[in-house]
Amino acid sequence: MEKYGIGQPVRRKEDVRFLTGTGTYIDDIKPDNLIHAVVLRSPHAHAKILDLDTSEAETMPGVLCIVTGKDWVAEDFQPMPTKSAVNKKIDGTPLNQPPRHAIAIDRVRYVGEPVALIVAETLVQAQDAAEVVEVDYEELEAVTDQIKALEPGAPQIWDDIEGNFCIDFELGDKEGTGKAFETADHVVKLKLRNQCVTAAPIETRGAIASYDKDTGKYFLQNATQNVHANRDTFASVLKIPSEDLHHMAPDVGGGFGAKNSGYPEPSLLLYAAKKTDRPIKWIGDRNESFAADTHGRDQATTVEMALDKDGMFLGLRTRTVGNIGAYCWTVGPFTPTGGSARTQGGPYYIPAMHYTGIAAFTNTMPLDPYRGAGRPEGSFQIERIVELAARELGMDPVELRRKNLMPADSLPRKTPMGLDVDTGNFPEVFERTLKMSDRAGFAKRFEESARKGLRRGFAIAPYLECTGGGPKEFAGVKFGKDGSATLRVGSMSTGMGQETSMPQILSDTLGIDFEKITYVQGDTDATPIGGGHGGSRNMEVGGSAVLQCAREVLVKAKQLAAHLLNSNADDMELKESVFTDVKTDQNVSMADVVAASFDQSRLPDGMEAGALDTDTIFEREIISCPNGCHSAEVEVDPETGTVQVEHMWIVDDFGTIINPMLADGQVMGGVAQGLGQALMEEIVYDEDSGQLVTGSLMDYALPRADSMPKMEMAFYEDAPTAKNPLGVKGSGEAGCCGAPPAIVNAVLDALKEDGVTHIEMPLTPEKVWRAIQDAKQQGA
Amino acid sequence: MYEFEYHQPKSLEEATKLFADADDPQFMAGGQTIIPVMKQRLAMPSDIIDLGKISDLQGISVDGGALTIGAMTHHNEVAGSDEVRKAIPALAELASHIGDPAVRNRGTIGGSIANNDPAADYPAALVALGATVQTTSREIAAEDFFTAMFETALDEGEMIVNVTFPAPEKAAYEKFPNPASRYATTGVFVAKTGESVRVAVTGAGACVFRQIDFEKALLGDFSPSALDGLTVSTDGLNSDLHASAEYRANLISVLAKRAVKHAG
Ligand SMILES: Cc1cc2nc3c(=O)[nH]c(=O)nc-3n(C[C@H](O)[C@H](O)[C@H](O)COP(=O)(O)OP(=O)(O)OC[C@H]3O[C@@H](n4cnc5c(N)ncnc54)[C@H](O)[C@@H]3O)c2cc1C
């Protein structure tokens, strides 16, 4: 039991399957009678559909069904809902939310928008038919940049939404912050961008839909992060009761937010499955993944900081304009507004803060959460302005940070952004990171780099973030007579390892054999509710539900054990899978208690066979605040502008660590994506045509193994949160909060003698080289 | 992908005949370029003639001062070959940095030069080393072989059989990889052979070219400092998502100096 307990680095059970090619991803599922679909997508960023002629395509060999906007209108299918928690403008009126249909009706607004679904016996036949669907477009002017979209005279994406404006939002004390700036000794200001990126999961999206005409029920297997919410979305589109749609996710190969939402394709497939009475498969290819998976970040921000003469922070003012693409996607408008506001200011003590966020429509693929959804943006903003402040005030950036961190004894504290920071020790985490970073050896490494003609730089970036996602979660346990247990959970893993960590909690609490626990997730029939995956909520909410469930089982198991031993439930103590009566020393094993639970003759009055089976729902009241600190050492080649991140040191406070190996993995993965954003990733649309320029892996750069630094990681485990029974704070998104500012600031540190003060992400070799050239020219 | 007929000839004659008899045939080496293009439906050959089983296209041999590499030789074979490492280490080094392991296990020298991707590595080596391309009908000097972007001197149905490289005194290749594809954003191959120095640049323009002023400077003084003060014009250089012409001009200078430094 110890070996599989909470806190143990248990190896991932699911990896055997994943690494030997025996996982079941959506494309591995091949039902009988399967037919295939392709999605014909808009080649234009903005155009009217004058005519859409499928007559020739319908006569092509093997073609079974073609779905277009005409069907959607004829069937009166409903638009997909947006569930942004921020949904009113500053003036109190509701956000501008245009209808988001699963298929274009009479106008397309981004490259990749679905225009027709073509279904045929084989994939090749569907592709052939797609080529002869004739669409007559009248091209319209497009705008892909949110700042330009808000300018007067910009192309109008929606006829009835003026100026491409979706929503504005503010948080904090505007007046107080204004005063802080008026009285400040120093004001530092920086314009910066968190550029548009994409998740690029290794498994692209895909789904299989079928319909049973005898029962009238639909069945959807889907590469998704959230079966329940998306079931409801698809059901509402098709105007059917949610119970009539069974939604399942098989093994999912990465999500990172890009598989959060209810996309258009499943509704189209479900409709076509009913029409053709055949199961239909659609698998998006890599180009579709770039064009039609939701994108992330894309915020243009002005940050200002007010400081006193000693460098103490007095105020922070942030104004962000976020691109949300052509539609309000599932929660798109939330990210640049509420999502980015909450953790403004990071782990620093800043008395006055004010945040303004605007969401604007453009002719791009819509944006939705991407790993962190607003918190990495906020973390980057504060760390960049602090670095710049140190530069401008001539202070040591480490010292400036140290003196402004929230003191340990200031917690619990509600920040001016309303974030409830209960536990943590930011100074301690900061100092530990610094200590790990071998600052003493830096001078020598700096010299070694210099000898090779290279620059070396260092930066440290503490971060504070928060969890999110649905607050409620289901967990249920069903026992077998043989002592096995099936654990069903409504949160879900898209590769993070919950198949291992959730059973760890159950095994630890109940002393049942880890190997005998079967884990079930991603199935609307298996769990009554489920929040899926998002906002680092899996362990926080799902894990807490498992613990709560296990504790409820324990109460019943103690009663049963007491009955079997003829003693008192209160005297039962569970240790190493055995219940012992603390008074009499009699004992009975958990396995025997489970066996007894199926034998009516051994059960007390009021207990039925299967009495230990338990279903529960946990509800989180307040989101938790993961925090930590990253530091990075980088080497820059000034002749080519190439950046190599040499080393990163990371201390994270995720509260209780359930499985340190998996938590490490979360940090490493987050760092990889953060490094990608810092140095190479960017979704680029052509400014004039609105065409997607980075539509393949030949153009969109992702980090590879050799891009990654050495990483040393540690956990600060002395401040578990009381906000949930496990004491966990969520680890999934922290890596990409800390890494971008640590890396970017380290590059700027390396180039400080060159006079470079700012470079926009991604810090590509050319941008770094150009910044050096520009600084040289300015200096000359 | 569209449907096509697949053939696997055992000899050059058979391949030539298959090509002549088909409607719209294409040779296939490792399929590293042609298969992705077909999958995207950007090419629709009626017949694919797989050259993988033709023994005349295989193998690496050394004859006196010259190294001959069969058209179907995979990049990893060149990278790992003792003969190549001994005769022209820079060539083995170049091959070891093409793409990724999967690409190196399938991609071939014949396919690479027949395709003449402006960002491919081999063209720089062929031009700088003064290689000769042996085809099914003639010998073509490297400089005459690469004619324009994605174009070569090959006639319809003409096959590359092998490439012969005279061993240089000193040579080195420096590549600045595209961060996404790992093709050359710019690559510079420098070779010194007797009284001749050649500097060939790939990735920077529409097609591989020689940097003549660098060659002249290096002829008198084969050292990095010989290139000090020489600037590269941006005329004819590519500007794209990953690098502007100006940046590529800088890379040509930087990489050429590094190549001279590392040439051994
Ligand atoms: C992800 C990726 C990364 C890559 N990175 C690099 C890189 O860093 N540097 C680089 O140089 N290259 C790179 N390449 C290209 C790769 O190395 C191959 O050389 C190239 O794709 C050709 O592949 P192939 O040899 O399989 O030829 P194929 O794709 O089979 O054929 C290519 C063309 O050559 C023709 N052809 C093939 N053999 C002959 C012959 N003997 N005679 C006449 N015509 C012939 C074919 O008809 C076809 O038109 C990369 C490719 C990929 C997919």
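Residues numbered from 1 in each chain as written. Chains lettered and ligands numbered in written order. Predicted model: local features only at pLDDT ≥ 70, side-chain atom pairs only at ≥ 80, totals over all residues. Heavy atoms only, no water.

### Some points on the interface of chain A and chain B
Thinking step 1. Contacts between the two partners involve 25 residues from chain A, matched on the other side by 21 residues from chain B.
Thinking step 2. Buried surface at the junction of chain A and chain B, both sides included, amounts to about 1900 Å², of which 47% is carbon and sulfur.
Thinking step 3. Counting the surface chain A buries against chain B, the share from its top three residues, Met 698, Arg 704 and Glu 766 of chain A, is 27%.
Thinking step 4. Across the contact surface, chain A and chain B share six salt bridges.
Thinking step 5. With a shortest N-O distance of 2.9 Å, Asp 637 of chain A and Arg 258 of chain B are connected by a salt bridge.
Thinking step 6. On the surface where chain A and chain B come into contact, there are 16 residue pairs in polar contact (both at pLDDT 80 or more).
Thinking step 7. Secondary-structure elements contributing two or more residues to the side of chain A that touches chain B are α4 (123–131) and α20 (765–779) of chain A.
Thinking step 8. Classifying every residue of the side of chain A that touches chain B gives ten nonpolar, six polar and nine charged. (Contact = heavy atoms within 4.5 Å. Buried area = accessible area lost by both parts, 1.4 Å probe. Salt bridge = Lys/Arg side-chain N within 4 Å of Asp/Glu carboxyl O. Polar contact = N/O pair within 3.5 Å; in protein donor to acceptor, adjacent residues only side chain to side chain. Helix = DSSP H or I, 4+ residues; strand = E, 2+ residues; numbered from the N terminus. Nonpolar A, V, L, I, M, F, W, Y, C, P; charged D, E, K, R; others polar.)

### Side note on the site of the ligand
Residue and element names in this part refer to chain B.
Thinking step 1. Taken together, 32 residues are adjacent to the ligand, and Phe 27, Ala 29, Thr 33, Thr 108 and Arg 182 come closest.
Thinking step 2. A distance of 3.1 Å is found between an oxygen atom of the ligand and a side-chain nitrogen or oxygen belonging to Gln 26.
Thinking step 3. A distance of 2.9 Å separates an oxygen atom of the ligand from a polar backbone atom of Ile 34.
Thinking step 4. Burial of the ligand by the surrounding chains reaches 91%, relative to a free accessible area of 970 Å².
Thinking step 5. For the shell around the ligand, the element with the highest residue contribution is helix α7 (residues 109–115), accounting for four residues.
Thinking step 6. Along the lines of polarity and charge, the residues of the shell around the ligand split into 14 nonpolar, 13 polar and five charged. (Near = heavy atom within 4 Å. Areas by Shrake-Rupley, 256 points an atom, 1.4 Å probe, with all protein chains shown as cover.)

### Quick look at the domain arrangement of chain A
Residue and element names in this part refer to chain A.
Thinking step 1. Annotation of chain A at the domain level lists domain 1 (2–21 + 469–619) and domain 2 (422–467 + 624–780).
Thinking step 2. Put simply, the middle of domain 1 and the middle of domain 2, counted by C-alpha atoms, are 39 Å apart.
Thinking step 3. Each partner contributes to the roughly 1600 Å² buried at the junction of domain 1 and domain 2, and carbon and sulfur atoms together form 65% of this total.
Thinking step 4. At the surface where domain 1 touches domain 2, the tally comes to zero salt bridges.
Thinking step 5. Where domain 1 meets domain 2, there are eight residue pairs in polar contact (both at pLDDT 80 or more).
Thinking step 6. Among the elements of the structure, α15 (498–510) and α16 (537–565) are those that each provide at least two residues to the side of domain 1 that touches domain 2. (Domains from an automatic or database assignment.)

### Thoughts on the pattern of salt bridges
Any two side chains of opposite charge can pair, so long as their charged atoms come close to each other.
Residue and element names in this part refer to chain A.
Thinking step 1. Enumeration according to the criterion identifies 62 salt bridges over all chains in this entry.
Thinking step 2. As a salt-bridge pair, Arg 17 and Asp 251 come within 2.7 Å of each other at their nearest N and O atoms. Residue Arg 17 is found in helix α1 (residues 14–19), and its partner Asp 251 is found in the loop between β11 (245–248) and α8 (264–276); the two are separated by 234 residues along the sequence.
Thinking step 3. Glu 121 is the salt-bridge partner of Arg 278, the closest N and O atoms lying 2.9 Å from each other. Here Arg 278, found in the loop between α8 and β12 (280–283), pairs with Glu 121, found in the loop between β5 (114–120) and α4; they are 157 residues apart in sequence, far enough to count as distant.
Thinking step 4. One network of salt bridges, with partners in common, ties together Asp 438, Arg 445, Lys 452, Arg 456, Glu 633, Glu 635 and Glu 646.

### Some details on the domain arrangement of chain B
Residue and element names in this part refer to chain B.
Thinking step 1. Segmenting chain B into domains produces domain 1 (5–50), domain 2 (57–166) and domain 3 (170–263).
Thinking step 2. Spacing between the C-alpha centres of domain 1 and domain 2 amounts to 20 Å.
Thinking step 3. Taken together, the contact pairs nine residues of domain 1 with 15 residues of domain 2.
Thinking step 4. Summing the contributions of domain 1 and of domain 2, the shared interface buries around 920 Å²; its carbon and sulfur component is 71%.

### Topic: the side chain of Glu 473 of chain A
Thinking step 1. Following the sequence through the fold, Glu 473 of chain A ends up in strand β19 (residues 472–479).
Thinking step 2. Polar contacts involving the side chain of Glu 473 of chain A include one to the main-chain amide nitrogen of Ser 491 of chain A, which spans 3.1 Å.

### With respect to the packing of aromatic side chains
Residues and elements named next belong to chain A.
Thinking step 1. As enumerated under the stated definition, the model contains 18 aromatic pairs over all chains in all.
Thinking step 2. Consider the rings of Trp 72 and Tyr 271, whose centres lie 5.5 Å apart with planes at 90°: the pair is edge-to-face. Taken together, the residues Trp 72 in helix α3 (residues 69–75) and Tyr 271 in helix α8 connect sequence positions 199 residues apart.
Thinking step 3. A relative accessible area of 1% means that Trp 72 is categorised as buried.
Thinking step 4. With centroids separated by 4.6 Å and ring planes inclined at 55°, the aromatic side chains of Tyr 211 and Tyr 218 adopt a geometry described as tilted.
Thinking step 5. Classification of Tyr 211 as buried rests on a relative accessible area of 18%.
Thinking step 6. Residue class for Tyr 218 comes out buried when judged on its relative accessible area of 7%. (Phe/Tyr/Trp six-rings, centres within 6.5 Å; stacked < 30°, edge-to-face > 60°. Buried < 20%, exposed > 50% of the residue type's maximum accessible area, 1.4 Å probe, protein only.)

### Remarks on the nonpolar core
Thinking step 1. Within the largest apolar cluster, 119 residues are counted, with the highest numbers of intra-cluster contacts made by Met 305, Ile 385, Leu 679 and Ile 743 of chain A.
Thinking step 2. Element by element, the count of residues in this core is highest for helix α19 (residues 735–750) of chain A, at nine residues.
Thinking step 3. Those residues in contact with Leu 679 of chain A that lie beyond four places of it in its chain are Val 643, Val 645, Ile 743, Pro 762, Leu 763 and Thr 764 of chain A.
Thinking step 4. With 54 residues, the next largest nonpolar core counts Phe 27, Leu 57, Ala 125 and Ile 140 of chain B among its residues. (Core = buried A, V, L, I, M, F, W, Y, C linked by side-chain atoms within 4.5 Å.)

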